[in-house]
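Results of the structural survey
The primary structure of each chain is shown beneath.
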Amino acid sequence: MKNNVCLVTPPSAFLLDERVFPHLGILRIAAVLKQSGYHVDVLDTSGYSNYLDIVRHYAATSSTRMFGITATTPQMPAAARIARVLREELPDTRRILGGPHVTLAHAGLKQEQNRDIVGGRAARAVSQLDELFDVQVIGDGEKAIFLACDEAAPKVIDADDRKSNLFLTNEDFERLPYPARELIDLSSYHYTIDGVKATSLIAQLGCPFGCRFCAGRSSPFLRGIRRRGVASIIGEMEYLYKEYGYTGFMFYDDELNVNPGLVVLMQKISRLQDRLGVKFKLRGFIKAELFTDEQAEAMYQAGFRWILTGFESGSPRILVNINKRATVDDNTRCVEIAHRRGLKVKALMSIGHPGESRETLYETAAWLLLVKPDDFDITTITPYPGSPYYDDAVQSQCADGVWVYNCPGSYDHLYMEEIDYLKDVDCYKGIPGEGVSHVWTDCLTQEDIAERRDRMEADVRRALNIPFNPSAASRQFEHSMGMSLPPSILRTTA
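It should be emphasised that the depicted structure is a prediction, and the values quoted were computed from it without experimental measurement. (Residues numbered from 1 in each chain as written. Predicted model: local features only at pLDDT ≥ 70, side-chain atom pairs only at ≥ 80, totals over all residues. Heavy atoms only, no water.)

1. Notes on the confidence of the model for the chain
Fine structural detail should not be taken from predicted coordinates in areas where pLDDT scores are low. Defined as follows: A residue's pLDDT is the confidence the predictor assigns to it, expressed on a 0 to 100 scale. By definition, residues are in contact when any of their heavy atoms lie within 4.5 Å.
For the chain, per-residue confidence averages 91 on the pLDDT scale, and residues scoring 70 or more make up 92% of the total. Low confidence marks residues 471-484, where pLDDT is under 50. Its contacts with residues over four positions away, or in another chain, come to 32 contacts.

Here is the structure:
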């Protein structure tokens, strides 16, 4: 039927556990469709290894012919397989792709076009999508989805342009309905903060900084900040408490403390708890060099017990090369402030940057051992379209399929393989011992980076007595054609 839409979340098999945080972006799309009278099904295949069986079952038992699929870059192999199954099972379907990967691929393409590059890497990544998807939505999808569902929809809908009326303003973000969490089995997502049942929410969109490894630096959708007002944020927290019983909240904003009104927001969250007679446990991301004692104290009083910060490296050379803007001293001071105010710190580290060597890896491990974070991640850097590492790389004159990024100032190099994003799970993180590196440096091979990442994590965890995070086994959908999909997979509007 014309107003029937099925929104699909592909699995993320590279993650240790896929049922931690629901995908709020596609649930916002579901909410605006539902608000406008559409019948919406949400097909959530997170955590299911036989997800294609789920798609085939739905295709065989539903009259829906409009499918919207969201995908990050590591999810693209699964998204491509889903699109192929839909094309085979339901040739008359419209397959719409949205989310970060398609946005980043087009951001990279725009950079190539600005430089008069014909047939570049980003152009090839976009052409792959042209073959599989009828409509590509780049940038914000909350308004663009209605154009994508129209019979006369263009092949590409560009909502990643501040001049477009499809690009969300602060006022638009404020007015959006809350994500349609009722269209997934929220109880199947398990996350806790200090033993309290928790879920995620998003108070602001975008990160304004220019880290060279970060995708989206040339995308207004991902770089431009859009904020909701305090009343909207408080209202969503109260709704999640009253409707689902949550007293733990993970703020999934890029950097909470780029908001000059952070302390006021914390004070209002404290007053909400007083009014409700409950105590919240909160967690979120902050920018190290902007962190202050006043922020930390207000966050603790509001219920924050954890902060997460992308320190990235303990090497001054690497921090300059990645344009982090924070120094090693800034990062150390951030941990000291947090610990002084009773906040635990998860340090988000990455390796494989231009200039990475055994010496810089040693500096990173030594810094972690010095500051003693309460938890940490070490990820292998992966250049995605829309990041300077990817967009500014040039093809090697010495080897086919190899691209080289030359770091401004230091002239350190980063070498990277050509990636087929529809086949290769080029993930930033994964199961220990199973990760690979698609990059190498002047001093470290791909094998060096993959092996040393695992070794560094094991050694530092052992020294700091921080346990490894266990992985969760993927599930199997057991079905017969006469059976309905269970609510952990399919939820639908009434």
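What follows picks up the thread again.
2. With respect to the sheet that holds strand β12 (residues 281-285)
Note the threshold: By the convention used here, strands pair only if DSSP detects at least 2 bridges between them. The helix count covers DSSP runs of H or I at least four residues long, the strand count covers runs of E at least two residues long, and both are numbered beginning at the N terminus. Here an axis means a line fitted to C-alpha atoms, over the contact stretch when the element is a helix, while the angle between two N-to-C directions is reported on a 0 to 180 degree scale.
Spatially, seven strands are ordered β7-β8-β11-β12-β13-β14-β15 in an open sheet, and the strand pairing comes out mixed. Two strands in the sheet have a free side with no partner beyond their single neighbour: β7 (192-193) and β15 (375-380). Across two bridges, β7 lies against strand β8 (residues 196-201) in antiparallel orientation. Paired with Thr192 across the strands is Lys197, a residue of β8. Running over the sheet, helix α11 (residues 293-302) touches β12 and β13 (304-312) and is turned about 135 degrees from β13. Packing of helix α14 (residues 358-371) onto the sheet brings it into contact with β13, β14 (344-351) and β15, and relative to β14 it is tilted by some 175 degrees.

3. Describing a positive patch on the surface
The cut-off we apply is this: Patch construction takes residues with relative accessible area above 30% that form no salt bridge. Like charges are linked within 9 Å, and nonpolar side chains (Val, Leu, Ile, Met, Phe, Trp, Tyr) are linked within 5 Å. For the area figures, the Shrake-Rupley method with a 1.4 Å probe applies, and any residue is considered shielded solely by the protein chains shown. Put simply, a salt bridge is a Lys or Arg side-chain nitrogen that is within 4 Å of an Asp or Glu carboxyl oxygen. Under this rule, positive means Lys or Arg and negative means Asp or Glu; His and the chain ends count for nothing. To locate a charge, take atom NZ for lysine, CZ for arginine, CG for aspartate or CD for glutamate. Type-normalised accessible area, obtained with a 1.4 Å probe on protein chains alone, sets the label of each residue: buried when under 20%, exposed when over 50%, and partly exposed for intermediate values.
Together, Arg81, Arg84, Arg87 and Lys423 give the surface a local cluster of positive charge. Relative to the elements of secondary structure, Lys423 occurs in the loop between β18 (413-417) and β19 (439-441). By relative accessible area, Lys423 is classed as exposed at 61%.

4. Observations regarding the packing of α14 against helix α16 (residues 446-464)
Put simply, the test is: Roughly parallel refers to an angle under 35 degrees, roughly antiparallel to one over 145, roughly perpendicular to one between 65 and 115, and oblique to any angle outside these ranges. Each crossing gets its hand from how the near helix is turned against the far one by less than a right angle, where anticlockwise is left-handed and clockwise is right-handed. In the scheme used here, Gly and all other residues not listed as nonpolar or charged are polar, with Ala, Val, Leu, Ile, Met, Phe, Trp, Tyr, Cys and Pro taken as nonpolar and Asp, Glu, Lys and Arg as charged.
Two elements in contact, α14 and α16, have axes whose closest approach is 10 Å; the angle formed by their N-to-C orientations is 20 degrees. Between α14 and α16, the crossing angle belongs to the class labelled roughly parallel. As for how α14 packs across α16, the hand of that crossing is right-handed. Contacts between α14 and α16 involve Arg358, Leu361, Thr364, Ala365, Leu368 and Leu369 from the first element and Asp448, Arg452, Met456, Val460, Ala463 and Leu464 from the second. For the contact of α14 with α16, a count of residues per class yields eight nonpolar, one polar and three charged.

5. Re the nonpolar core
To be explicit about the condition: The nonpolar core is taken to be a set of buried Ala, Val, Leu, Ile, Met, Phe, Trp, Tyr and Cys residues, with the residues joined through side-chain atoms within 4.5 Å.
Ranked by internal contacts, the top residues of the largest apolar core, which has 102 residues, are Met237, Phe251, Ile269 and Phe291. Among the elements that line this core, the one with the most residues is helix α1 (residues 24-35), at eight residues. Setting aside its immediate chain neighbours within four residues, Ile269 contacts Ile234, Met237, Phe251, Phe280, Leu282 and Ala302. Core analysis: the next-biggest nonpolar cluster, separate from the first, contains 29 residues, Leu52, Ala59, Ala80 and Leu129 among them.

6. Here's the deal with the packing of aromatic side chains
Put simply, the test is: Any two rings among Phe, Tyr and Trp, with Trp reduced to its six-membered ring, count as a pair given centres within 6.5 Å; such a pair is stacked if its planes are under 30 degrees apart, edge-to-face if over 60, and tilted if neither.
Using the criterion set out here, one finds 14 aromatic pairs in the structure. Each ring, one from Tyr58 and one from Phe67, has its centre 5.9 Å from the other, and the planes form 85 degrees; the classification is edge-to-face. By the burial criterion, Tyr58 is buried, and Phe67 matches it. Judged by centre distance (5.7 Å) and plane angle (90 degrees), the rings of Tyr252 and Phe285 are edge-to-face. One end of the pair, Tyr252, is in the loop between β11 (248-251) and α10 (262-276); the other, Phe285, is in strand β12, with 33 residues separating them in the sequence. According to the relative accessible area criterion, Tyr252 is partly exposed, its value standing at 42%. The exposure class assigned to Phe285 is buried, which follows from its relative accessible area of 17%. Taken together through their ring pairs, the aromatic side chains of Phe21, Tyr191, Tyr252 and Phe285 make up a single cluster.

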